[in-house]
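# What the coordinates show
Spelled out from the first residue to the last, the chains are:
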Amino acid sequence: MEKLSSNIQNEITSISFNQDFSLFSMTTERGFKIYNTSSINHQYDKNLYGGLSKCELSYKSNYLALIGGGIMPKFNNKKVVIYNDAQDIIESEHKFTTPVINVKVKKDFLFIVCEKKIFVFNINNSQNIDCFDTVINKKGLIAVNGCPNKTIMAYPIEFNTQTQKSYVSIKNYKTLKCFPQMVQDDPISYIAMDYLGLLLSTSNEKGTIIRIHSCKDGSLLQECRRGKEKAEIIYIAFDMDYKYMGVSSDRKT
């Protein structure tokens, strides 16, 4: 088998925080690394001898959701692997007919995003408990709150094909309440939710307008303008004290 150079093996393919931002993972062409955010200490480095496109942490547990990717993928990109790094074993696999683009983990739920569907599994028994059709979702857009005591999720939907307005569907898995909400006048490029599942932030495709809506009733709470020049929004996050919202883009800001 062809070997990758050490530089290529260490190239970062994705970065992902855990639910309370205390840890973050980096995937590479050979495996994954985990860091502590308080001091950026290197906690763990796992060489899987193959590339990953996603490593989603489950709080501070030893369970990780992995998606293969890169030049020489460790796993087929049409499945999600639940990996126990303490025992170095694969606990379960979820296989699909199309590539998996994104995955989110909660205490009891596993959200798996394909290009046109989102699947929800009970993480304890691997049962498929929900399935949604979405717009063509090449970026794997989904927002899930981090709090383990309740689960709110949002995902893009096609609500009115005669307009360019973008809608999301917001679902509360405790009350089972679900409703559509118009969030942008243009296609959306990123969605994010706060820890408690109170606020939903979305950016438009131009990267100029970021809106914050209530997850309870969908009302528009605030509109922020990032700038006039087009930018691709890479990441949005709320701080735990509800004072700030951080936004990063491909314009190095």
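Residues numbered from 1 in each chain as written. Predicted model: local features only at pLDDT ≥ 70, side-chain atom pairs only at ≥ 80, totals over all residues. Heavy atoms only, no water.

### Quick notes on the confidence of the model for the protein
To keep it simple, the criterion reads: Residue-level confidence of the predictor, termed pLDDT, takes values from 0 up to 100. Helix and strand definitions follow DSSP, with helices as H or I runs of at least four residues and strands as E runs of at least two, each counted in order from the N terminus.
Averaged over every residue, the pLDDT of the protein is 90; residues scoring 70 or more account for 94%. Within the protein, strand β13 (residues 143-144) carries the highest mean pLDDT (97), whereas helix α1 (residues 6-9) carries the lowest (64).

### Digging into the pattern of salt bridges
Once their charged atoms are close, side chains differing in charge can pair, the charge on each being opposite to the other. Put simply, the test is: Each salt bridge in this description consists of a side-chain nitrogen of Lys or Arg and a carboxyl oxygen of Asp or Glu lying within 4 Å of one another. The classification of residues rests on relative accessible area computed with a 1.4 Å probe and restricted to protein chains. Under 20% of the type maximum is buried, over 50% is exposed, and intermediate values are partly exposed.
Under the defined criterion, the tally for this structure stands at 13 salt bridges. Arginine 30 serves as the salt-bridge partner of aspartate 45, at 3.1 Å between the closest nitrogen and oxygen. With aspartate 45 in strand β4 (residues 41-47) and arginine 30 in the loop between β2 (23-28) and β3 (31-36), this residue pair connects regions lying 15 residues apart in the sequence. Using a relative accessible area of 34% as the deciding quantity, one classes aspartate 45 as partly exposed. Residue lysine 165 pairs with aspartate 185 through a salt bridge whose shortest N-O separation is 3.2 Å. Of this pair, lysine 165 sits in the loop between β14 (152-157) and β15 (166-172) while aspartate 185 sits in the loop between β16 (178-184) and β17 (188-193), placing them 20 residues apart in sequence. Lysine 165 sits in the partly exposed class, given a relative accessible area of 37%. Several salt bridges share partner residues, and in doing so they unite Lys165, Asp185, Arg211 and Glu223 into one network.

### Notes on empty space enclosed by the protein
Let me state the cut-off plainly: A pocket, in this scheme, is an open set of points on a 1 Å grid over the protein atoms alone with protein on both sides within 12 Å along at least 5 of 7 lines, while a cavity is a set where a 1.4 Å probe fits but cannot get out; residues line either one if an atom lies within 4 Å of a point. Grid points are joined across faces, edges and corners, and a volume is the space filled by probe spheres set on the points. Residues were grouped as follows: Ala, Val, Leu, Ile, Met, Phe, Trp, Tyr, Cys and Pro as nonpolar; Asp, Glu, Lys and Arg as charged; and all remaining residues, including Gly, as polar.
Per the counting criterion, the structure on display carries one cavity of 30 Å³ or more. Volume-wise, the largest cavity comes out at about 30 Å³. Surrounding the largest cavity, Ser58, Tyr63, Leu64, Ala65, Ile82, Val105 and Ile123 form its lining. Of the residues belonging to the lining of the largest cavity, the class tally is six nonpolar, one polar and no charged.

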